[in-house]
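# Topology and contacts: notes
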Amino acid sequence: MIRKPKAQAPVSLRAGLLLRLGIVLVLLLALDGVASYFTALHFANLVYDRWLIDSTRSLAQAVRAEHGQIEFDLPRVALEIFQFDEVDKTYFKVSSVGRGFIGGDPALADVTPPEIGGLRLAFTTLHGKRVRLVSTKIAPSPSDPVTVSVAETLIKRSTLTREILIGMAAPQIALLAIALLLARIGVYHGLKPLTDLAAQIEARDQNNLSPVPQSGLPREARVLVARINELLERLSNAMRAQKRFVADAAHQLRTPLAAVLLHTERAERAPDTSSEREALRALHRTVVRAARISQQLLALARTDPEAVAAIILKPLDLTALARSVGEEWVRRALDRDIDFGLSVPDSPVMVLGDERLLSEVLSNLIDNALRYCNPGGHVTVIVEDGVQPRVSVQDDGPGIPVEERTRIFERFYRLSHESSDGCGLGLSIVEEIARLHHATVEVTSGLDDRGARFTVVFQRTDLTASTATPTARSRQHAAS
């Protein structure tokens, strides 16, 4: 059995910042403690080293040279006074090169200064105890230099170091507490704009998609709010598109569905076979119209901005696309006795596009042309290469009045003289898809100023460079 890891509880940003600041301040306090220890030890050694140096020089004054011999003459009382200490133990040693050990403690290490009158300080061990040693070199006799050493245990030094540290620790800990308090206050006030922003967003309901105000926010928070506002805008657009699509679908499907019910009831109540067939034919036409409306509504939904966000435009051959889509409409043209032709270059005409969406464009333009063209008329799909590649659908039907050419791309708009069963969505779909491809749709008159010609004009890019110059056009007649 595989156990899912438990979700970690969300960490407060304020608590996280305070924790990090606290860790930094504690580390600084630790580093300051180490520095304070060495500082206190330095001054403790400095104080007691001066006493050791004075004691060493005083002891050196008891060394004399008489009749060529080194003598160390120190009264017993003076020696007791010299070694008297209630805390530490004091040791000394007097020795020379010629005579060797003269007096004191022979176990004390020999640390001889390099020159006469010089001093040497060192830490060493005596009788198993750590001691501080001071040595000086004198010359009561020029031929026999004498070394005088004084050593002392480290109890007073350690005590003084500890007292200095304790005296310094109290204000440092107080400063740490004050710094943490000030950091807490600073973090609280620094994060207040974010907490206010969070409370403001939390108080909103799902219907409030208005932009979040940015006034009074720091620069970093404004970047976050800007991204939130962009998301709210996209969500608002998606919801508006969804509502509009639902309203359009309900409006357009209501009439054919009502007609389906009507023709179904007529077929059920038909008094004879002829009336029943007529009702069924009308029912079939209504169902076909409803299916066409549904198809166009779905195509329109696919052109909404949120629906095309993931579409990637790829190099596409307009010539091959026109041949493929045109073949699907040959049977429809034959049924309506329309001359359906294709005029394309022999070489590919490359653009950046989505094959499914551009197929929908051509299908809608061809469907409109076949729908409004009279029997015996002509419909031609034309592909042109050049600085701006083009694909056009031309017919010789009744055409479109100039004053209405700017309105025919509106949703559900139909021409004043229109009598077909169209729903007014085809050209709106064409314009939306063209816009997604950074293309434009032009409406002009057809050949010899008859009918209409719809042209989709693409922009040339490096990836859409044609592999050859335009050649002679070939016209293929699918029906005559």
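Residues numbered from 1 in each chain as written. Predicted model: local features only at pLDDT ≥ 70, side-chain atom pairs only at ≥ 80, totals over all residues. Heavy atoms only, no water.

## Re the sheet that holds strand β5 (residues 119-126)
With antiparallel pairing, 5 strands are arranged side by side in an open sheet as β4-β3-β7-β6-β5. Lying at the two open borders of the sheet, with one neighbouring strand each, are β4 (100-104) and β5. With direction set aside, neighbouring strand axes in the sheet form an average angle of 25°. Pairing geometry for strand β3 (residues 90-96) and β4, over 4 bridges, is antiparallel. Looking across to β4, one finds that S96 is bridged to G100. (Pairing = 2+ DSSP bridges. Helix = DSSP H or I, 4+ residues; strand = E, 2+ residues; numbered from the N terminus. Axes fitted to C-alpha atoms, helices over the stretch in contact; angles between N-to-C directions.)

## Focus: the pattern of salt bridges
Within the structure shown, the criterion is met by 13 salt bridges. Among the salt bridges present, the one from D88 reaches K156, with a minimum N-O distance of 2.8 Å. Separated by 68 residues along the polypeptide, D88 in the loop between α2 (76-83) and β3 and K156 in helix α3 (residues 155-202) bring together distant segments of the chain. Judged on exposure class, the residue D88 and its partner K156 are both buried. (Salt bridge = Lys/Arg side-chain N within 4 Å of Asp/Glu carboxyl O. Buried < 20%, exposed > 50% of the residue type's maximum accessible area, 1.4 Å probe, protein only.)

## Remarks on a nonpolar patch on the surface
On the surface, a cluster of nonpolar side chains totalling about 500 Å² of accessible area is made up of L175, I178, L181, L182 and I185. By secondary structure assignment, the location of L175 is in helix α3. (Patch = residues over 30% accessible without salt bridge, like charges linked within 9 Å, V, L, I, M, F, W, Y side chains within 5 Å. Areas by Shrake-Rupley, 256 points an atom, 1.4 Å probe, with all protein chains shown as cover.)

## Brief notes about the packing of helix α6 (residues 318-328) against helix α8 (residues 355-372)
Between α6 and α8, whose axes approach to 10 Å, the crossing angle comes to 55°. Relative to α8, α6 is oriented oblique. When the axes of α6 and α8 are compared, the crossing they make is right-handed. When α6 is examined against α8, the residues L321, A322 and V325 are found in contact with a partner set consisting of E355, L358, S359, L362, S363 and I366. Grouping the constituent residues of the contact of α6 with α8 by class yields 6 nonpolar, 2 polar and 1 charged. (Parallel < 35°, antiparallel > 145°, perpendicular 65-115°, else oblique. Left-handed = near helix turned anticlockwise from the far one by under 90°. Contact = heavy atoms within 4.5 Å. Nonpolar A, V, L, I, M, F, W, Y, C, P; charged D, E, K, R; others polar.)

## So, the side chain of D105
Checked against the element boundaries, D105 lands in the loop between β4 and β5. For the buried D105, no salt bridge exists, and the shortest N-O distance to an oppositely charged side chain is 7.8 Å, to K93. With near-sequence residues (within four places) excluded, D105 lies in contact with Y91, F92, K93, L126 and H127. (Lys, Arg positive; Asp, Glu negative; His and termini not counted.)

## Examining the packing of aromatic side chains
A complete count under the given rule lists 2 aromatic pairs for this structure. With 5.9 Å between their ring centres and 40° between their planes, F72 and F92 make a pair best called tilted. Placement of F72 in strand β2 (residues 69-72) and of F92 in strand β3 is noted, with a sequence separation of 20 residues between them. Residue F92 is classed as buried on the basis of its relative accessible area of 6%. In this arrangement the basic side chain of R132 is found over the ring face of F123, its NZ or CZ atom lying 4.3 Å from the centre. (Phe/Tyr/Trp six-rings, centres within 6.5 Å; stacked < 30°, edge-to-face > 60°. Lys NZ or Arg CZ within 6 Å of the ring centre and 35° of its normal.)

## Here we look at α8
Relative to the 26 Å expected for 18 residues at 1.5 Å per residue, α8 spans 26 Å between its end C-alpha atoms, a close match to the ideal helical length. The element α8 is largely enclosed, with a buried count of 15 among its 18 residues. At the N-terminal end of α8, a side-chain oxygen is found 3.2 Å from the backbone nitrogen of R356, two or three residues along, and the residue is D354. (Expected span 1.5 Å × (residues − 1). Polar contact = N/O pair within 3.5 Å; in protein donor to acceptor, adjacent residues only side chain to side chain.)

## Quick look at empty space enclosed by the protein
Evaluated as defined, the whole model comprises 1 cavity of 30 Å³ or more. Looking at the largest cavity, its volume works out to about 30 Å³. Residue contributions to the lining of the largest cavity peak at 3 residues, all from α8. Split by residue class, the lining of the largest cavity holds 7 nonpolar, no polar and no charged. (1 Å grid on protein atoms, 1.4 Å probe; cavity = no way out; pocket = protein on both sides within 12 Å on 5 of 7 lines; lining within 4 Å. Points joined across faces, edges and corners; volume = space filled by probe spheres on them.)

## Looking at the nonpolar core
Counting 43 residues, the largest nonpolar core has F454 and V456 as its most contacted members. Broken down by secondary-structure element, the contributors of at least two residues to this core are α6, β9 (339-344), α8, β11 (378-384), β12 (390-395), α9 (426-436), β13 (440-445) and β14 (452-457). Ranked by residues supplied to this core, first place goes to α8 with 8 residues. Apart from the residues lying within four places of it in its own chain, the contact partners of F454 are L365, V391, S392, V393, I400, I408, F409, L427, E442 and V443. Membership of the second largest hydrophobic core comes to 15 residues, among which are L52, V63, I70 and V150. (Core = buried A, V, L, I, M, F, W, Y, C linked by side-chain atoms within 4.5 Å.)

## Thoughts on the pairing of β3
The buried fraction of β3 amounts to 7 of the 7 residues, a majority that puts the element mostly inside the structure. Residue alternation in β3 divides its side chains into two sets, T90, F92, V94 and S96 and Y91, K93 and S95, and both sets are buried. The pairing of β3 with strand β7 (residues 146-153) spans 7 bridges and is antiparallel. Along β7, the bridge assignment pairs K93 with S149.

## Details of the side chain of T124
Take T124: it is sitting in strand β5. In this structure T124 touches A109, K129, R130, V131 and L133, once residues within four positions along its chain are discounted.

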